[in-house]
Amino acid sequence: MIIILLLFFALFFYLLYVLIKWISKKKKRIQWAFGIIGILISINIIDSIFFTKMEFIQSKVYPHLYIVKNQINNQDSLNAVIKNMVVQKMNAEFIGKENKYKHKYQYNSESASRTDLYYSLSFYRYYKGWGTNPFGEAGTEHFINNEEDPGGFSSELLEHYYEYRIARFYIEFCKNDTIKYFGVLKYFQNGQEMKTDTIINQCKTE
């Protein structure tokens, strides 16, 4: 598989070199080439501004995961859209159905039991890698239809794409409480947390 890919890239760059060399021999060819490139760039810009809409693609294997395709550039507007979506989904899926997301567990037979809430939403920017990559990095697009794969050279984990993370919302119980809770929405840029919004807070304020 690797040999086939290397041969493909070698052939591609060779043909590209031959084409550039042929164009560079005549001034008219150069002018035509730049003209075509300019038209293609203009079409792409117009399409991205006026015709391409942002999409939230829900993962088929992780319902809490959304891959954001054609992300808008304005960060404040993006955050506002995500916040609105989080509020709508929380109201539809969580409020009034809290017991569905409660999980009781204990570390061992001697430790005290504990109850936690497991409700979260994650948003990642759409990124498509080089298809079937023997060393992983198929992109965030991989998780639309596939589970995480921790094994071998082709491991695919969401944590490998932290720089593509846009936002994460989670709900937790208030301290020493298993009834009241709070929900926090965190926004990220290039892997760094940039802003936090408290969406709901039932905890007592001192």
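From a predicted model like this one, the values you see are computed outputs, not experimental measurements.

Caption draft 1: Representation of the environment of glutamate 98 within the structure. Assignment of secondary structure puts glutamate 98 in the loop between α3 (75–93) and β3 (102–105). The spacing of glutamate 98 and isoleucine 179 is 81 residues in sequence and 8.9 Å in space, taken between C-alpha atoms. If we skip the residues at most four places from it in the chain, glutamate 98 touches Leu117 and Tyr181.

Caption draft 2: Fine view of a nonpolar patch on the surface. Residues Leu11, Tyr14, Leu15, Tyr17 and Val18 make up a contiguous nonpolar surface patch of about 530 Å² in total accessible area. Looking at where leucine 11 falls in the secondary structure, it is placed in helix α1 (residues 2–23).

Caption draft 3: Seen up close, the packing of aromatic side chains. Considering all chains together, one arrives at 11 aromatic pairs under this definition. Judged by centre distance (6.0 Å) and plane angle (90°), the rings of phenylalanine 56 and phenylalanine 123 are edge-to-face. Of this pair, phenylalanine 56 sits in strand β1 (residues 55–58) while phenylalanine 123 sits in strand β5 (residues 119–125); the two residues are 67 residues apart in sequence, bridging distant segments of the chain. Counting every residue linked through ring pairs, the aromatic cluster contains Phe94, Tyr101, Tyr119, Phe169 and Tyr181. Seen from the ring of tyrosine 126, lysine 69 lies directly overhead, with NZ or CZ sitting 4.8 Å from the centre. Taking the ring centre of phenylalanine 188 as reference, the NZ or CZ of arginine 165 above it sits at 3.9 Å.

Caption draft 4: How the structure looks around the side chain of serine 122. Secondary-structure assignment places serine 122 in strand β5. Overall, serine 122 belongs to the buried group, its relative accessible area being 10%. Residue contacts for serine 122: discarding those within four places in its chain leaves His64, Leu65, Tyr66, Ala167 and Arg168.

Quick notes on the rules
Residues numbered from 1 in each chain as written. Predicted model: local features only at pLDDT ≥ 70, side-chain atom pairs only at ≥ 80, totals over all residues. Heavy atoms only, no water. Helix = DSSP H or I, 4+ residues; strand = E, 2+ residues; numbered from the N terminus. Contact = heavy atoms within 4.5 Å. Patch = residues over 30% accessible without salt bridge, like charges linked within 9 Å, V, L, I, M, F, W, Y side chains within 5 Å. Areas by Shrake-Rupley, 256 points an atom, 1.4 Å probe, with all protein chains shown as cover. Salt bridge = Lys/Arg side-chain N within 4 Å of Asp/Glu carboxyl O. Phe/Tyr/Trp six-rings, centres within 6.5 Å; stacked < 30°, edge-to-face > 60°. Lys NZ or Arg CZ within 6 Å of the ring centre and 35° of its normal. Buried < 20%, exposed > 50% of the residue type's maximum accessible area, 1.4 Å probe, protein only.

Scope: geometric values only; no functional claims are made or implied.
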